[in-house]
Amino acid sequence: MPGGHVGYQGSSLKINPSVRNKGTQIAPTGHGTDPVRLFVKGVFMAYKGGKKNQVNHTQLIKLQDVNSKEATQFYLGKRLAYIYKAQKPNKEGSRFRVIWGKVTRSHGNSGVVRAKFKKNLPPKALGKKVRCMLYPSSI
């Protein structure tokens, strides 16, 4: 598509402002209301593995604004949520499903973390968003 991604500044398409704050909650502050996100955005990059092997039970997650091994220490043990949309609604009528996991350790020196989920993430989740919740807290 010419002009790049829709969300980038040089795009010919404009984003509806009401869609931009989707997934955020409004928290009251002294000077008004600012959107407060209670999680850190992340991307499911790959499965752990080597040149010829792939380890499906360990996923590599890149967290937003985490660029060093030292910065990953804060996120160790934090809960991860992969949210996806199913075809049929469940008993409560929701089509959204969640696979929960947790950050186990860092991977490399560039701020990538290893994670394990209750059920292994499916291959269609590669490159998709993951939420890193800011609990349980260790401070």
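The protein chain is annotated in an unreviewed UniProt entry as 60S ribosomal protein L35a-2 from Durusdinium trenchii. Per UniProt, the protein chain has the following entry under Sequence similarities (unreviewed entry): "Belongs to the eukaryotic ribosomal protein eL33 family."

Chemist: Describe the overall build of the protein chain, and please don't skip the residues or the numbers.
Modeler: A tally of regular secondary structure across the protein chain gives one helix and eight strands. Its helices and strands taken in sequence order, the protein chain reads α-β-β-β-β-β-β-β-β from the N to the C terminus. Buried residues in the protein chain amount to 24% of all 139 residues. The contacts of the protein chain with a sequence gap of at least 6 include a subset with a gap of at least 24, amounting to 53%.

Chemist: Lay out a nonpolar patch on the surface with the relevant residues and their values.
Modeler: Taken together, the side chains of I83, F96, V98, W100 and Y135 define a hydrophobic patch exposed on the protein surface, amounting to about 460 Å² of accessible area. In terms of residue count, strand β6 (residues 96-107) provides more of the nonpolar patch than any other element does, three residues in total.

Chemist: Provide a residue-level description of the packing of aromatic side chains, including the pertinent values.
Modeler: Evaluation of the coordinates by the stated rule reveals three aromatic pairs. Note on F74 and Y75: the rings are 5.0 Å apart at their centroids and 85 degrees apart in plane angle, and the pair reads as edge-to-face. Given a relative accessible area of 34%, F74 falls into the partly exposed group. For Y75, a relative accessible area of 12% puts it in the buried group.

Reading guide: rules and limits
- Residues numbered from 1 in each chain as written.
- Predicted model: local features only at pLDDT ≥ 70, side-chain atom pairs only at ≥ 80, totals over all residues.
- Heavy atoms only, no water.
- UniProt positions renumbered as here; feature names shortened; annotations may be inferred.
- Helix = DSSP H or I, 4+ residues; strand = E, 2+ residues; numbered from the N terminus.
- Buried < 20%, exposed > 50% of the residue type's maximum accessible area, 1.4 Å probe, protein only.
- Contact = heavy atoms within 4.5 Å.
- Patch = residues over 30% accessible without salt bridge, like charges linked within 9 Å, V, L, I, M, F, W, Y side chains within 5 Å.
- Areas by Shrake-Rupley, 256 points an atom, 1.4 Å probe, with all protein chains shown as cover.
- Salt bridge = Lys/Arg side-chain N within 4 Å of Asp/Glu carboxyl O.
- Phe/Tyr/Trp six-rings, centres within 6.5 Å; stacked < 30°, edge-to-face > 60°.

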